[in-house]
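Listed below are the residues making up each chain.
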Amino acid sequence: LLDRGAPLPEWHTPPAVAREMAKARPPRRQRGLVLFFTGLSGSGKSTMARGVVETLLETGERTVTLMDGDVVRRHLSAGLGFSAIDRDINVRRIGWVAAEVARHGGMAVCCPIAPYESARQAARDFARAAGAGFILVWVNTPLAECERRDRKGLYAKARAGQIKGMTGIDDPYEIPATPDLTIDTTDLPGGEAIATVLRYLGANGWID
Ligand code: PPS
């Protein structure tokens, strides 16, 4: 039945079929999305995540779930510490739950340190498998600035040897290989950092 000698078509998906497929997929503002901030403690990721969530809740244009770091560690990741394996489990759990939120059209905003590339990639894979978008925001505020801020006094304790395994001091932070957006908050007022993320979401069709 097949004419094996016939020339191969120039495309694998005929344009008419591609157009129908594109129609079948809802626009991005209706698709689930995982917005995943990563960066050192004190880099500004939680402030940005909260700001983005507050703005979207005010405008009411998306259903948003904030996976706040403290809340995650109190509930979803209760009992986990800061060893490599515990951090890996923590970040994968966050990624998995976020993908489930996004599977049903919601937007999940996460802001763990997420120091390992493999766990961040797993979070991206969970979102993809759920048919959702995934945006990795690397908050690359330098260690010196995070340490200068030291809101929780953890860096001082780490330098004094009172705590071990502090990310950036005596525990690694792997530079993200493929961030979608990179923001250094050193000289950026909080509102401007939040606006940068919102502009990115708007420019890419995830919000109006
Ligand atoms: S991780 O690596 O992604 O599992 O970490 P995360 O769940 O985001 O938790 C980071 C917050 O825990 C506090 N904390 C520490 N951070 C880094 N290293 C060590 N050893 C550590 N011990 C406690 C710290 O306040 C982090 O909060 P943020 O909001 O990032 O400043």
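Up top is the structure.
Residues numbered from 1 in each chain as written. Predicted model: local features only at pLDDT ≥ 70, side-chain atom pairs only at ≥ 80, totals over all residues. Heavy atoms only, no water.

A. Structural view of the packing of helix α2 (residues 45-59) against helix α8 (residues 190-203). Direction vectors running N to C along α2 and α8 enclose 60 degrees, while the axes themselves pass 9 Å from each other. Put simply, α2 runs oblique to α8. When the axes of α2 and α8 are compared, the crossing they make is right-handed. Here Thr47, Met48, Gly51, Val52, Thr55 and Leu56 of α2 come into contact with α8, specifically with Ala193, Ile194, Val197, Leu198 and Leu201. (Axes fitted to C-alpha atoms, helices over the stretch in contact; angles between N-to-C directions. Helix = DSSP H or I, 4+ residues; strand = E, 2+ residues; numbered from the N terminus. Parallel < 35°, antiparallel > 145°, perpendicular 65-115°, else oblique. Left-handed = near helix turned anticlockwise from the far one by under 90°. Contact = heavy atoms within 4.5 Å.)

B. Main features of the nonpolar core. Counting residues in each nonpolar core, the largest one holds 24 residues, and the members touching the most others are Leu35, Phe37, Val52, Met107, Val197 and Leu201. Of all the elements in the fold, those that place two or more residues in this core are β1 (33-39), α2, β3 (107-110), β4 (133-139), β5 (181-183) and α8. With residues up to four places along the chain from it excluded, the contact list for Met107 reads Leu33, Leu35, Val52, Leu56, Arg62, Thr63, Val64, Thr65, Val101 and Leu201. (Core = buried A, V, L, I, M, F, W, Y, C linked by side-chain atoms within 4.5 Å. Buried < 20%, exposed > 50% of the residue type's maximum accessible area, 1.4 Å probe, protein only.)

C. Just the environment of Arg149, in detail. With respect to the secondary-structure elements, Arg149 resides in helix α6 (residues 143-149). Take Arg149: its relative accessible area is 18%, and that puts it in the buried class. It is 9.8 Å that separates the C-alpha atoms of Arg149 and Ser41, two residues lying 108 residues apart in sequence. The contact partners of Arg149, leaving out residues within four places of it in the chain, are Gly42, Ser43, Gly44, Thr141, Thr185 and Thr186. Polar contacts involving the side chain of Arg149 include one to the main-chain carbonyl oxygen of Ser43, which spans 3.4 Å. Here Thr185 takes part through its side chain, which lies 3.0 Å from a polar atom of the side chain of Arg149. (Polar contact = N/O pair within 3.5 Å; in protein donor to acceptor, adjacent residues only side chain to side chain.)

D. Representation of α8 within the structure. For α8, built from 14 residues, the straight-helix expectation of 20 Å at 1.5 Å per residue is met to within 8% by its first-to-last C-alpha distance of 20 Å. Every buried residue belonging to α8 is among Ala193, Ile194, Val197, Leu198 and Leu201, and all of these are buried. Burial along α8 is one-sided: seen end-on, the buried residues are contained in an arc of 135 degrees. Away from its buried face by more than 90 degrees, α8 exposes Gly191 and Ala203. (Expected span 1.5 Å × (residues − 1). Arc of directions from axis to C-beta.)

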